[in-house]
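Residue-level structural notes
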Amino acid sequence: MEAVIASPATRIEPMIHPSLTLTAQAHCIWPLGATLGEGATWSVREQAVYFVDILGRRLHRYKPADGQRRSWAFDEEITALAERREHAGLLVSLRQDLALFDPETGHLQRLHRPEPDRPDNRLNDGKCDAAGRWWIGSTDFQCEAATGALYRYHEGRCERMRDGIHISNGPVWSADGTQMFLNETGALRTWRHAFDPHTGELGPAELWLQHDEADGAPDGMVTDSAGCIWIARWGGAKITRHDETGALVGQVTLPTQFITSACFGGKDLRTLYITSALGELTSEQLKDQPLAGGLFAVELEIDGPQAAAFAG
């Protein structure tokens, strides 16, 4: 077990209602220097946060109760994960395959390849909806072409739900489960869809937010219990909080530029865990951002819902 290294104490302005603003600073709890940290997911079963380093080909786990850290190496990119609802272990998305992974035994069982016809793509961000269906997006491996898509995987069946996406990130759902939000990172857009929580069907895409490049591109997302959406900002050194209209109602600032994903965790689900990446930082920039690629945490006065688990 390694010692936890933290920056100065977090500064919080109390905030409960979504119309009130919040400004906070996160502190680093694991300065591991991930090349592309992503996929933050809280395990209620293990009381731990899991996350991945996509390009570093590693899965990581951090237990806040005792600071325990553990990592698993893969032979290919690992991009996202979800806890399984009825069984031990995880559902993971690899470079091109969906698979089951047991962290205790190291056993990996491949399930499905969503894009056999797109060898230049890789899978990217994903989450489960409340019914346990797995939603996973894809991207051109070089993040240059709009060849990404969004897939729904449930009961052994994988369906392409959207296509022509320039780097798919998310998705997340509204507090009542009737809307789904998806980031198209390369186009600086957040899309909103009507969503049927019973059938998992999507309505047409509606532009919810067109982002300014100066604020950072929209990356991973998470919803809080007030129904606000937190958006990690690639290149923006922050994660921003938005109400149902898209208005900015808060943010958490970080001491590094490339912020990638977040999840609510801890015993009361009031700790926001945030991943980051080395990204495109030069050696000179890294001198000013030594915590780049670290795992960060900030204590909030609002919680988030428990992450949905995979029904499989």
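The structure this text deals with has already been given above.
This text gives an overview of the structure that appears in the document. What you see is a predicted model; the values in this text were computed from it and never measured. (Residues numbered from 1 in each chain as written. Predicted model: local features only at pLDDT ≥ 70, side-chain atom pairs only at ≥ 80, totals over all residues. Heavy atoms only, no water.)

**Section: the side chain of D125**
- Among the structural elements, D125 can be located in strand β11 (residues 121-128).
- K127 provides the closest opposite charge to the buried, unpaired D125, separated from it by 4.3 Å.
- A distance of 2.9 Å separates the side chain of D125 from the backbone nitrogen of G170, its partner in a polar contact.
- In this structure, D125 is in contact with A80, W135, I136, G137, S168, N169, G170 and G220, ignoring residues within four places of it in sequence. (Helix = DSSP H or I, 4+ residues; strand = E, 2+ residues; numbered from the N terminus. Buried < 20%, exposed > 50% of the residue type's maximum accessible area, 1.4 Å probe, protein only. Lys, Arg positive; Asp, Glu negative; His and termini not counted. Salt bridge = Lys/Arg side-chain N within 4 Å of Asp/Glu carboxyl O. Polar contact = N/O pair within 3.5 Å; in protein donor to acceptor, adjacent residues only side chain to side chain. Contact = heavy atoms within 4.5 Å.)

**Some points on the sheet that holds strand β7 (residues 78-83)**
- Here we have 4 strands laid out as an open sheet, ordered β7-β8-β9-β10, and antiparallel in their pairing. Two strands in the sheet have a free side with no partner beyond their single neighbour: β7 and β10 (108-112). Within the sheet, the average angular offset between the axes of one strand and its neighbour, ignoring direction, is 30 degrees.
- The pairing of strand β8 (residues 90-94) with strand β9 (residues 98-101) spans 4 bridges and is classified as antiparallel. By the bridge assignment for β9, L91 is matched with L100. (Pairing = 2+ DSSP bridges. Axes fitted to C-alpha atoms, helices over the stretch in contact; angles between N-to-C directions.)

**Some remarks on the packing of aromatic side chains**
- Counted according to the given criterion, the structure contains 12 aromatic pairs.
- Judged by centre distance (5.7 Å) and plane angle (65 degrees), the ring pair of W135 and F195 falls under edge-to-face. In this pair, W135 sits in strand β12 (residues 134-140) while F195 sits in the loop between β17 (189-194) and β18 (206-210), placing the two residues 60 residues apart along the sequence. For the pair formed by W135 and F195, the shared burial category is buried.
- Taken together, the ring pairs connect Y50, W72, F74 and F101 into an aromatic cluster.
- Across the ring face of F141, the terminal group of R122 is positioned such that the distance to the ring centre comes to 5.8 Å.
- Here R162 stacks its cationic end above the ring of W191, 5.2 Å away from the centre of that ring. (Phe/Tyr/Trp six-rings, centres within 6.5 Å; stacked < 30°, edge-to-face > 60°. Lys NZ or Arg CZ within 6 Å of the ring centre and 35° of its normal.)

**A word on the sheet that holds β11**
- As summarised here, the arrangement of the 4 strands in space is β11-β12-β13-β14, forming an open sheet in which the pairing is antiparallel. Each edge of the open sheet is held by one strand with a lone partner, namely β11 and β14 (157-165). Taking each pair of neighbouring strands and ignoring which way they run, the sheet shows an average axis angle of 25 degrees.

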